[in-house]
Amino acid sequence: MGTNVLKTETPTSIDDAVYFLKENFNEGDHRPSISFGFGDPSCFECFRTTPIAEDAIVEAVRSAKFNSYAPTGGILPARRAVADYLSRDLPYRLSPDDVYLTLGCNQAAEITIKVLARPGANILLPRPGYPDIETYAIFNKLEIRQFDLLPERGWEVDLDTIEAMSDENTVAMVIINPGNPSGSVYTYNHLNKIAETARKLGIIVIADEVYGHLVYGSNPFVPMSLFATIVPVITLGSVSKRWMIPGWGLGWLVTCDPTGLLRKDEIAESINKLLVYSPFPPTLIQGAIPQILEKTTQDFFSKTINILRKNLDICYDKLKGIPCIMIPQKPEGAFFAMVKLNLLLLEDIEDDMEFCLKLAKEESLIILPGDREARNIYFQSVTSARVTVGLKNWLRLTFAVEYSSLEDGLGRLKSFCQRHAKKYTLTGSPAVDQQIHVEH
Ligand SMILES: *Cc1c(COP(=O)(O)O)cnc(C)c1O
């Protein structure tokens, strides 16, 4: 006591949650620890990026053309390359003026939130969701209203509730497609309905498409910008996930509005004002971007998709074989599966956090708890902030790890669940009877 050091007993972000769980590793366990906590496959050899990207960087260095400060929003060839890359999937062409280069997709999200924030305004965010976007909203005093994603309907947006929760101060709704943490890939029809709903409410759609094209099922990736003639769309993306290079820090914010529904000049002015005072992606990386986006071959994408699809299949099969874990929907994209704990089948575990803590301790395995109420330490104005992905007694785990870790980790998860399973009684297992009635 008596010091000013901020110390939380409860984690306040995905990083904090994973760190907190790691502190509970048992040092006596000599097996290597395994983490399904973060989605960052770039550290595994099998997910190494394409030589095209590596060569592009080397070339950019050797050219000595990219040693200067970059103009706000990025150098023109890089902006044009992003516009062209995204336009491949569209019936209209984006212009380099629509593109702002950012330090990863996260900065693109942060800038978007800042542009939209004004006193009294609110934004509609998905639950389960991506906590960083929530944090940016909290920091910028933009009120958060959460709409549900429906696990039994492939994690589609609960559009019926959107109308009731929005009002004249609602500025936008956010979708993440392919979904983190849900693993969903939205159909053309569903995206069309989202666009129609947003149009009716007079709000724009912010589409976090950082996992664009990382799909493994029957639904193809459809960009939200395809519906930008119905409603203005701000697309957020980066090379972090599809190219497996999150450390390179190159993302984009793109205003998609082919019919001119937005006041583009005003938006450009406020984005530029914010970007002038923000760190920008290194000019060197910007210099390499045209080569990376234009020259990466289908071989590289197919290879990573095949590995991820094989991982997903194993992950799904093994999870289905664990009674206390319910997986409502096989993931179809991105890096994650969301699963629900059936606590009735577990003996000495009260909630998702306790499950993850004991799992770390007993199996040296990290899985992200779905929810945790953070104490209000950082934000005086907020009574409590939901952290991690916002679903109590659910878990998020990534399958974007190397195969041997995946198998090993899923084996540990299974034996952990067996060890903590409720024992049968003489009258049979009441827990199993009740399992049929688990609600979401
Ligand atoms: C990883 C991720 C980001 C951040 O992407 P960066 O390019 O690394 O900043 C943004 N949104 C979602 C949903 C993510 O999963």
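Look up: the structure comes first, before these words.
Residues numbered from 1 in each chain as written. Predicted model: local features only at pLDDT ≥ 70, side-chain atom pairs only at ≥ 80, totals over all residues. Heavy atoms only, no water.

S.K.: Any chance you could explain the overall build of the protein here in plain terms?
M.R.: Broken down by element type, the protein carries 13 helices and 16 strands. Over its C-alpha atoms the protein spans a radius of gyration of 22 Å, differing by no more than 12% from the 22 Å that the globule rule assigns to 440 residues. Its C-alpha atoms put the protein at 70 × 55 × 50 Å along the principal axes. Going through the 440 residues of the protein one by one, you find that 55% of them count as buried. Put simply, 75% of the contacts in the protein that link residues at least 6 apart link residues at least 24 apart. With an accessible surface of roughly 19800 Å², the protein has 51% of that area assigned to carbon and sulfur atoms. For the protein, the separation between the mean place of its 44 positive charges and that of its 54 negative charges on side chains is 2 Å. (Helix = DSSP H or I, 4+ residues; strand = E, 2+ residues; numbered from the N terminus. Rg over C-alpha atoms; globule rule 2.2 N^0.38 Å. Buried < 20%, exposed > 50% of the residue type's maximum accessible area, 1.4 Å probe, protein only. Contact = heavy atoms within 4.5 Å. Areas by Shrake-Rupley, 256 points an atom, 1.4 Å probe, with all protein chains shown as cover. Lys, Arg positive; Asp, Glu negative; His and termini not counted. Charge placed at Lys NZ, Arg CZ, Asp CG, Glu CD.)

S.K.: For this particular structure, what's the right way to read the environment of T135?
M.R.: With respect to the helices and strands, T135 occurs in helix 5 (residues 131-139). According to the relative accessible area criterion, T135 is partly exposed, its value standing at 27%. The spacing of T135 and E354 is 219 residues in sequence and 24 Å in space, taken between C-alpha atoms.

S.K.: What's the story with the site of the ligand in this structure? I'm lost.
M.R.: Lining the immediate surroundings of the ligand are G104, C105, N106, Y130, I176, N180, D208, V210, Y211, S238, S240 and K241. Here an oxygen atom of the ligand sits 2.9 Å away from a polar atom, N or O, in the main chain of N106. D208 is positioned such that a nitrogen or oxygen atom in its side chain is 2.6 Å from a nitrogen atom of the ligand. Notes on the ligand: free accessible area 390 Å², of which the protein chains cover 88%. Per element, the largest residue contribution to the shell around the ligand is three residues, and it comes from helix 4 (residues 104-116). Considered class by class, the residues forming the shell around the ligand number five nonpolar, five polar and two charged. (Near = heavy atom within 4 Å. Polar contact = N/O pair within 3.5 Å; in protein donor to acceptor, adjacent residues only side chain to side chain. Nonpolar A, V, L, I, M, F, W, Y, C, P; charged D, E, K, R; others polar.)

S.K.: Explain the environment of D55 to me, please; I cannot follow it from the model alone.
M.R.: Within the fold, D55 resides in helix 2 (residues 51-63). When the C-alpha positions of D55 and I292 are compared, they lie 9.0 Å apart, and in sequence the two are 237 residues distant.

S.K.: Can you help me understand the sheet that holds strand 4 (residues 143-150) in this one?
M.R.: Remark on secondary structure: sheet strands pair via backbone hydrogen bonds, oriented parallel or antiparallel. Taken in spatial order, the eight strands line up as 2-9-8-7-6-3-4-5 in an open sheet, and their pairing is mixed. Two strands bound the open sheet, and with one partner strand each, they are strand 2 (99-102) and strand 5 (156-157). Where strand 8 (residues 233-238) meets strand 9 (residues 251-256), six bridges bridge the pair, whose relative direction is antiparallel. Looking across to strand 9, one finds that T235 is bridged to V254. (Pairing = 2+ DSSP bridges.)

S.K.: Looking at this structure, how should I read the pairing of strand 11 (residues 336-341)?
M.R.: Within a regular beta strand, the side chains point alternately toward one face of the sheet and then the other, so they alternate between its two faces. By the criterion of burial, strand 11 is predominantly enclosed, with six of the six residues buried. A two-sided burial pattern is seen for strand 11, the buried positions comprising F336, M338 and K340 on one face and A337, V339 and L341 on the other. Sheet topology note: the strand 10 (residues 325-326)/strand 11 ladder contains two bridges and is antiparallel. The partner of I325 across the bridge, within strand 11, is L341. In this structure, strand 11 lies alongside strand 16 (residues 394-398), joined through five bridges in antiparallel fashion. What sits directly across from A337, in strand 16, is L397.

S.K.: How do you make sense of helix 1 (residues 14-22) when you look at a structure like this?
M.R.: When helix 1 is considered as a whole, its buried residues turn out to be I14, A17, V18 and L21. Mapping the buried residues of helix 1 onto a view down its axis gives an arc of 95°, with all of them on the same face. Away from its buried face by more than 90 degrees, helix 1 exposes D15 and Y19. The inward-facing, buried residues of helix 1 contact helix 5, helix 11 (352-363), strand 12 (365-366), strand 13 (368-369) and strand 16. (Arc of directions from axis to C-beta.)

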